[in-house]
Amino acid sequence: MRITPEKVDELAALARLKFEGGEKEAIRADLEKILEMCEKLNEVDTTGVEPLIYMTENSNVLREDVVHQEITHEQALLNAPKKDSDFFRVPKVIDQNG
Amino acid sequence: MKDHTRISEIRADLESGVVTCAELVEGYLDRIDAQPELNAFLEVWADEAREQARRVDSKVKSGQAGRLAGVVIALKDVLAYEGHKVSASSKILEGFTSIYTGTAVQRLLDEDAILIGRTNCDEFAMGASNENSAYGVVLNAADKSRVPGGSSGGSAVAVQAGLCHASLGTDTGGSIRQPAAFTGLVGMKPTYGLVSRWGLLAYASSFDQIGPITKSVEDNALILEIMAGPDANDSTVSQRPKPHYEVKSADRKFRFGIMQEAVEHPGLDPFIRDSVYKLADQLGADGHEVGFFHFPLLDYMVPAYYILTTAEASSNLSRYSGLMYGYRSPDAHDLESTYIYSRTQGFGQEVKRRIMLGTFVLSSDYYDAYYKKGQQVRRIIRQKTEEILGQFDAILLPTTSTPAFRLGEKSKDPVAMYLADLFTVQANLAGNPAISIPWNSTPEGLPTGMQLMCNHFEEQKLYELAKTLEKYK
């Protein structure tokens, strides 16, 4: 699988990452090499094989629906990079002139 | 300081008054101070460990001490412990403090374990050498020019160098067993669903398991038994009752299966290959059944593993957004730039590589060709593994294809590094329990490990087999 620089940009946009300069060529080459390794799977005949999705032996583990508070307001805000006394502070999301 | 090899010895010495928890803790703290170059710990909780030691000492005196009294344990830096930092060895979680304690850790505390600190690892548990940590490499105490293995490298070296008695690691594709093999320790990857992952920073949720790294099989079984069992906070945990393990070497004869493709693999170190053949001969001579089986899927395991784990990682790690916790870039000026710059500056190279690969295999154009294909191959691998374990009690194989490699030896080539997982990913792909036990030393003095794998939830048999193999070392 050939990975183009445009493909790297497209994936980076989806993953909310940015690769510039030499890093972009490096990740492009790495992806190409790793995918080449992964393409070996095409040798395995998987006709009619159901994909294996869940590894747990459980289905529907149910519990009583009881309301309880697991963390406090203060705990929730403890690790915020920016906050005031009640809320998370984030950079402006809506452009008021827009 | 006396080196206890078993928890039962610590217990006996505590009860007879030969040693106190306080003395044990001081001994470990001295050693940690004496060997900072190993870089096994990211943080040492010295004062707290001393305080806990005093509490447990008084419980010992009053005869109320739990089963892990005096057992000094280190936690891999991916496990939540309330009021303590946890960072997954990543800059993106620098300064993050856990607001609750995960189930596995809480169960250790409930039995009076003393937690001494958090250990270095590959960032978000992604790596096989501990070279992907944002906080520097960990050195193998057997040879400081070599890696300790990964991703639980710090947890392994902490026990290897006598900086604590036991540690917790996590194993997604070999991250407990491979470092245990590289450092001469017992490392257990339990059955998927045996131990709750509540409070574990997720990497690949259909693979991750928490397990112990110890000096002995007995200690490993005790710590696992304490952590195992149902948990209301993790619905992927099996609802089977909490297990109890009896560790003794068995008189009965077992059937061992050896994978032809593994022992004949061109990448396998000849010394390790000879060790497997020698063990097979000895087991056969003692009346155990040893059979060789074919597993033509060996070369497909690492590719399937990387497709599926990177897909899950790209999804799990989308939570690191720079908004509610963790690192936020100073370049963030709107929503989109908060995401992009916080993640780009906060994650290390290998983590970004895996997120990108995972994003690729999940993208609509390639989903069927890669992700779905990986899931189909996973089913075939699990079926074949089950078939083999229908014929044998256990699969016997080396833990790693080589002893510990040199620092920097594989870090430039991701594919070469990924192949370090060749013999360990099967257990994670199929969900089976597998243990690595210290085996022998190469002529250069590097430890090697021998690996056993059993059917799901056969940890009891696995420990019994591990114990049985000890006499052939």
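Before reading further, recall that the structure is shown in the block above.
Residues numbered from 1 in each chain as written. Chains lettered and ligands numbered in written order. Predicted model: local features only at pLDDT ≥ 70, side-chain atom pairs only at ≥ 80, totals over all residues. Heavy atoms only, no water.

A. Inspection of the interface of chain A and chain B at higher detail. Taken together, the 52 residues of chain A in the interface contact 69 residues of chain B. Across the chain A/chain B interface, buried area totals approximately 5,500 Å², and carbon plus sulfur atoms make up 69% of it. Area buried by chain A at its contact with chain B is led by Leu 41, Leu 52 and Met 55 of chain A, which between them contribute 14% of it. Our count for the contact surface shared by chain A and chain B stands at four salt bridges. A salt bridge links Arg 16 of chain A to Glu 336 of chain B, with the shortest nitrogen-to-oxygen separation between them at 3.1 Å. For the pair chain A and chain B, the number of links is 23 residue pairs in polar contact (both at pLDDT 80 or more). Where the side of chain A that touches chain B is concerned, the elements lending two or more residues are helix 1 (5-15) and helix 2 (22-38) of chain A. Its residues placed into classes, the side of chain A that touches chain B shows 31 nonpolar, six polar and 15 charged. (Contact = heavy atoms within 4.5 Å. Buried area = accessible area lost by both parts, 1.4 Å probe. Salt bridge = Lys/Arg side-chain N within 4 Å of Asp/Glu carboxyl O. Polar contact = N/O pair within 3.5 Å; in protein donor to acceptor, adjacent residues only side chain to side chain. Helix = DSSP H or I, 4+ residues; strand = E, 2+ residues; numbered from the N terminus. Nonpolar A, V, L, I, M, F, W, Y, C, P; charged D, E, K, R; others polar.)

B. Quick look at the sheet that holds strand 9 (residues 394-398) of chain B. Residue and element names in this part refer to chain B. An order of 1-3-2-4-6-5-10-11-9-7-8 is seen for the 11 strands of this open sheet, with the pairing classed as mixed. The open sheet has two edge strands with one neighbour each: strand 1 (41-44) and strand 8 (289-293). For this sheet, the mean angle separating the axes of adjacent strands, direction not counted, is 30°. (Pairing = 2+ DSSP bridges. Axes fitted to C-alpha atoms, helices over the stretch in contact; angles between N-to-C directions.)

C. Representation of helix 9 (residues 270-285) of chain B. Residue and element names in this part refer to chain B. Look at helix 9: 22 Å from first C-alpha to last across 16 residues, which is about the 22 Å you get at 1.5 Å a residue. Looking at helix 9, one finds that the buried residues are Ile 272, Arg 273, Ser 275, Val 276, Leu 279, Ala 280 and Leu 283. Looking down the long axis of helix 9, one finds its buried residues gathered within 160° of arc, a one-sided arrangement. In helix 9, the exposed positions angled more than 90 degrees off the buried face are occupied by Pro 270, Lys 278, Asp 281 and Ala 285. If you check the start of helix 9, you find a side-chain oxygen 2.9 Å away from the backbone N of Phe 271, and it comes from Asp 269. One or two residues past the end of helix 9 sits Gly 287, with phi positive at roughly 95°. (Expected span 1.5 Å × (residues − 1). Buried < 20%, exposed > 50% of the residue type's maximum accessible area, 1.4 Å probe, protein only. Arc of directions from axis to C-beta.)

D. View of unusual backbone geometry. Residues and elements named next belong to chain B. Residue Ser 151 is reached from Gly 150 by a cis peptide bond, and omega for that bond is 10°. The phi dihedral of Asp 112 falls on the positive side, at around 70°, and the residue is not glycine. A residue is classified by how much of its surface remains accessible, and Asp 112, at 6% relative accessible area, is buried.

E. Highlighting the state of the cysteines. Residue and element names in this part refer to chain B. Under the definition given, this model contains zero disulfides over all chains. For Cys 21, which is in no disulfide, the shortest distance to another cysteine sulfur is to Cys 164 and amounts to 15 Å. Residue Cys 21 is classed as buried on the basis of its relative accessible area of 0%. (Disulfide = S-S within 2.5 Å.)

All we've got here are geometric facts, nothing functional implied.
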